[in-house]
Amino acid sequence: MINLEAFGFPGPPSIVGPFNVYDARVLLSQPIVDISALNDARAAALRQKAEKYGVKTARDLVVLVAVNLYLESVATASRVDTTRAQQDTAEALFKQAQDLKAAGLVAGIDVLRAQVQLQTQRQRLIAAENDFEKSKLQLERAVGIPIGQPITLTDKIPYAAIPELPVDEALKRAFESRSDYLAAKSRVEAAEAARKAANGALLPTLTFDADYGAIGQTIASAHSTYTMAANVRVPLFDGGKTTARRIETRSALRQREAELADFRSRVEYEVRSSLLDLRSAEQQLQAAQTNVQLANDELQQARDRFGAGVAGNLEVTQAQEAVATASETYISALYSHNLAKASLARSLGVAESVVMNYLGGLQ
């Protein structure tokens, strides 16, 4: 029922109805100018961008972990090869000591020393082979290969120096490529957009509203009707909700800015630290290479003296231990050098794309 007088139609009858009305309508409301909504949309897009950078950060970390485990496996494989070569040398020295004793040129204690050294090298080889198999299990678990499946390390990754990278250039590259730093920047921009959206909540908004439909007592007799209007909405009373939101977004912005400053310091520290580690590892590796050569020369001279009968095999045993120590130092230094290159790639934010180039000595 409808009161006609309420719509400006006086006189009897003032009340009409009840009657059936069919009204089917499509409504449209489109904001034309809404500063707050635009900034909210921009803040959401920037937060999504930050999460995408987070995915890249995780991928770079996975690359570093996988490279580290592979380098460990390569190092243990090198220890196996080195220890096996040292065992072959010990067997040759043991046979030489037996031949010299049979000729009456050396005492029995020299044979005993050679035999002890041979057994020591056998024990080291067993331990090295066990460590190698365990390192392959760790690598398989990290990369998703079924545990226990036989694998072969095809890349031995020998020593390869990379051109020196200036600190300023490294920092510039890191700030442009580090996904975690870029994510922090996007979060700051998102917080700034959210702050602008909160400030814009008190501004008037302009919207276009329209509806179109058909109305009538029956479907067959329905006629098309429509309305269109441009409306300006001005928020007057919100119970302090907008003020609270403005305070909250300002606080969030200051927090994000502090996080970005901390990330910037962290990036600079990691880049400088990686460059120092790389420089130190390269110097240690060069020293280890020289030490291995000197230890092998010492062993050769000790073997010659022992074979000539001018010295006992105590010198040979000591030289063998020197070779073993120098070889272990070289393997550890090579591992540290390659890991330092991988860590540098990670600190620059380019681990996924260039880590293999760095390990090969390229930039």
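Only a predicted model underlies this, so the values are computations on that prediction, with no experimental measurement involved.

Definitions and limits used
Residues numbered from 1 in each chain as written. Predicted model: local features only at pLDDT ≥ 70, side-chain atom pairs only at ≥ 80, totals over all residues. Heavy atoms only, no water. Helix = DSSP H or I, 4+ residues; strand = E, 2+ residues; numbered from the N terminus. Rg over C-alpha atoms; globule rule 2.2 N^0.38 Å. Buried < 20%, exposed > 50% of the residue type's maximum accessible area, 1.4 Å probe, protein only. Pairing = 2+ DSSP bridges. Axes fitted to C-alpha atoms, helices over the stretch in contact; angles between N-to-C directions. Patch = residues over 30% accessible without salt bridge, like charges linked within 9 Å, V, L, I, M, F, W, Y side chains within 5 Å. Areas by Shrake-Rupley, 256 points an atom, 1.4 Å probe, with all protein chains shown as cover. Salt bridge = Lys/Arg side-chain N within 4 Å of Asp/Glu carboxyl O. Contact = heavy atoms within 4.5 Å. Parallel < 35°, antiparallel > 145°, perpendicular 65-115°, else oblique. Left-handed = near helix turned anticlockwise from the far one by under 90°. 1 Å grid on protein atoms, 1.4 Å probe; cavity = no way out; pocket = protein on both sides within 12 Å on 5 of 7 lines; lining within 4 Å. Points joined across faces, edges and corners; volume = space filled by probe spheres on them. Nonpolar A, V, L, I, M, F, W, Y, C, P; charged D, E, K, R; others polar.

Draft legend 1. Representation of the overall build of the protein within the structure. The number of helices and strands found in the protein is 7 helices and 5 strands. Ordering the α and β elements of the protein from the N terminus gives β-β-β-α-α-α-α-β-β-α-α-α. The C-alpha atoms of the protein give 39 Å as radius of gyration, which overshoots the globular expectation for 363 residues (21 Å, by more than 25%). In terms of principal-axis extent, the alpha carbons of the protein reach across some 145 × 45 × 35 Å. The burial tally for the protein puts 34% of its 363 residues in the buried class.

Draft legend 2. Spatial organisation of the sheet that holds strand β3 (residues 22–33). Across the sheet, 3 strands lie side by side as β3-β4-β5; this open sheet has antiparallel pairing. A single partner strand is all that each edge strand has here, and the edge strands are β3 and β5 (223–233). Within the sheet, the average angular offset between the axes of one strand and its neighbour, ignoring direction, is 15°. As defined by bridge partners, strand β4 (residues 205–216) adjoins β5 across 11 bridges and the pair is classed as antiparallel. By the bridge assignment for β5, Tyr212 is matched with Tyr226.

Draft legend 3. Seen up close, a nonpolar patch on the surface. Judged by side-chain polarity, Ile2, Phe7, Phe9, Phe19, Val21 and Ile215 come together as a nonpolar surface patch covering roughly 560 Å² of accessible area. Summarising the element assignment, Ile2 is placed in strand β1 (residues 2–3). Given a relative accessible area of 32%, Ile2 falls into the partly exposed group.

Draft legend 4. Inspection of the environment of Ala214 at higher detail. Among the structural elements, Ala214 can be located in strand β4. If near-sequence neighbours (up to four positions away) are discounted, Ala214 is found in contact with Tyr22, Asp23, Ala24, Arg25, Ala222, His223 and Ser224.

Draft legend 5. Broad picture of the packing of helix α1 (residues 35–102) against helix α2 (residues 108–143). Relative orientation of the contacting elements α1 and α2 amounts to 165°, with a least axis distance of 8 Å. Here α1 is positioned roughly antiparallel relative to α2, judged by the angle of their axes. Considering only the axes of α1 and α2, their crossing is left-handed.

Draft legend 6. Representation of the pattern of salt bridges. Evaluation of the coordinates by the stated rule reveals 22 salt bridges. The partner of Arg178 in a salt bridge is Asp180, with the nearest N and O atoms 2.8 Å apart. The pair formed by Arg178 and Asp180 is uniform in burial state, with each residue classed as buried. Each of Asp23, Arg25 and Asp211 takes part in a single network of salt bridges with overlapping partners.

Draft legend 7. Structural view of empty space enclosed by the protein. Applying the stated criterion across every chain, the model contains 2 cavities of 30 Å³ or more. The computed volume of the largest cavity comes to approximately 80 Å³. Lining of the largest cavity is provided by Leu71, Val74, Ala75, Ser78, Lys156, Ile157, Ile331, Leu334, Tyr335 and Asn338. The set of elements that each furnish at least two residues to the lining of the largest cavity consists of α1 and α6 (314–348). Partitioning the lining of the largest cavity into residue classes produces 7 nonpolar, 2 polar and 1 charged. Considering the residues around the second largest cavity, the lining is formed by Leu93, Ala97, Ala114, Phe306, Asn313, Val316, Thr317 and Gln320. Elements supplying a minimum of two residues to the lining of the second largest cavity: α1 and α6. Ranked by residue count, the leading element in the lining of the second largest cavity is α6, at 3 residues.

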